[in-house]
Amino acid sequence: MGGDGVFQELPVDIHEVLIDEVFLDMDEEDTGFSFCTLVTVIVEGRSALKKLNESLPRKKPVHIYFTHNTINEENILKLTQCILMPNDKPSFDFQEQGVFFKVQLEHIDADGDQRDLSVYMKDNRHHYYIWLEQDHSVGLLRKTVDEGAGWEDITGESQEQLAEISDCWTMLLTCANMAELYLRNIEVQYVQDILQHSVIQELYSEEEENDGFWDGSKYYSFREAHVDEDGEYLHARIEIKTPDEAYYFYTLDNGTYVSRHYQPPNQYGKQDMSFLDLRRWEASERYFARFKQYIAQKMIKFPHLPK
């Protein structure tokens, strides 16, 4: 069995049994368990077990935002109303696995032109344009990426002929489902309150590089919004350095949700988190949950910190 059975058929998630410190954030598809760290914890006389006498947290029921992948008015409208749509812009866009997506509301653009309520997608072969007609029907256009190619109406094509656009569409809805599932778990107001607290504000003004807190092998640091020496505006954020020296960033760059990014170990520069990388999103959840526990403990010393 080679020890594989240790992680199989457990009545609880192993991350709920062992302390976070013994898990490394790795890119491989394994558990990221560090035996050496476990030994170190034991040698130091600490317990590697979480307090199991406390009831384990029960996961709340999961609400699936999109329950079917039909290209219809209902799903188009839900895309325009999902958490990714900002409050101050009529559209959002992102790239996933080489496919570019843009969802936009009906609006008048800066040039005075009328823009449809629509979805635009582009893969390595085609551009796709999906829009909602006044009679609530859906129109579909497609053109190749070749220079000078023209749009063709594919609204009446069969499901087999629409396989490629259906694949992109399903990926878009899956990404929106992931965004709805995770991005609502961290409230913008909570992060704002943390960053505006006097204890955190004092860290910004210190000349020494003491701009955060150690929590075992994890480090929490904070950045206030400011303009850097190159004139670039930098948004406020919370940074979590993991035991393997990767980083998770939680940034206030829009009013709808707290953006999340990842920086691999021994690299510089944050990366967008793929909506389809479930393991990365779950890791970002666990690290932030532990951060909230740590901040709650700090309330004993600094009672005005938010819960």
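Whatever comes next refers back to the structure up there.
Residues numbered from 1 in each chain as written. Predicted model: local features only at pLDDT ≥ 70, side-chain atom pairs only at ≥ 80, totals over all residues. Heavy atoms only, no water.

**Focus on the sheet that holds strand β7 (residues 138–144)**
Strands pair in a sheet through their backbones, by hydrogen bonds, and they do so in one of two ways: parallel or antiparallel.
Part 1: Spatially, six strands are ordered β1-β2-β5-β6-β7-β8 in an open sheet, and the strand pairing comes out antiparallel. Where the open sheet ends on each side, the last strands, each with one partner, are β1 (91–96) and β8 (152–153).
Part 2: Here strand β5 (residues 118–122) runs beside strand β6 (residues 126–132); their pairing, made up of five bridges, is antiparallel. Across the sheet, Ser118 pairs through a bridge with Trp131, a residue of β6.
Part 3: Lying over the sheet, helix α2 (residues 73–80) contacts β1, β2 (99–104), β5, β6 and β7, oriented at roughly 100° with respect to β6. (Pairing = 2+ DSSP bridges. Helix = DSSP H or I, 4+ residues; strand = E, 2+ residues; numbered from the N terminus. Contact = heavy atoms within 4.5 Å. Axes fitted to C-alpha atoms, helices over the stretch in contact; angles between N-to-C directions.)

**Some thoughts on the packing of α2 against helix α3 (residues 163–182)**
Part 1: It is the contact of α2 with α3, at a shortest axis distance of 11 Å, that shows an interaxial angle of 45°. Here α2 lies oblique to α3, going by the angle between them. For the crossing formed where α2 meets α3, the hand is left-handed. On α3, the residues touching Asn75, Ile76 and Leu79 of α2 are Trp169, Leu172, Leu173 and Ala176.
Part 2: A class-by-class count of the residues in the contact of α2 with α3 yields six nonpolar, one polar and no charged. (Parallel < 35°, antiparallel > 145°, perpendicular 65-115°, else oblique. Left-handed = near helix turned anticlockwise from the far one by under 90°. Nonpolar A, V, L, I, M, F, W, Y, C, P; charged D, E, K, R; others polar.)

**Structural notes on the pattern of salt bridges**
Part 1: Applying the stated criterion across every chain, the model contains seven salt bridges.
Part 2: Notably, a salt bridge pairs Glu180 with Arg184, separated by 2.7 Å at the nearest N-O pair.
Part 3: Here Arg184 falls in the partly exposed class, since its relative accessible area comes to 48%.
Part 4: Ionic pairing is found between Glu239 and Arg237, a salt bridge with its closest N-O pair at 2.8 Å. Each member of the pair Glu239 and Arg237 is classed as buried.
Part 5: Salt bridges sharing partners connect three or more residues here, namely Arg142, Glu152 and Glu157. (Salt bridge = Lys/Arg side-chain N within 4 Å of Asp/Glu carboxyl O. Buried < 20%, exposed > 50% of the residue type's maximum accessible area, 1.4 Å probe, protein only.)

**So, the pairing of β1**
Part 1: Here β1 pairs with β2 via six bridges, running antiparallel. Paired with Phe92 across the strands is Val103, a residue of β2.
Part 2: What sits between β1 and β2 in their antiparallel hairpin is a turn of two residues, with Gln97 showing a positive phi close to 50°.

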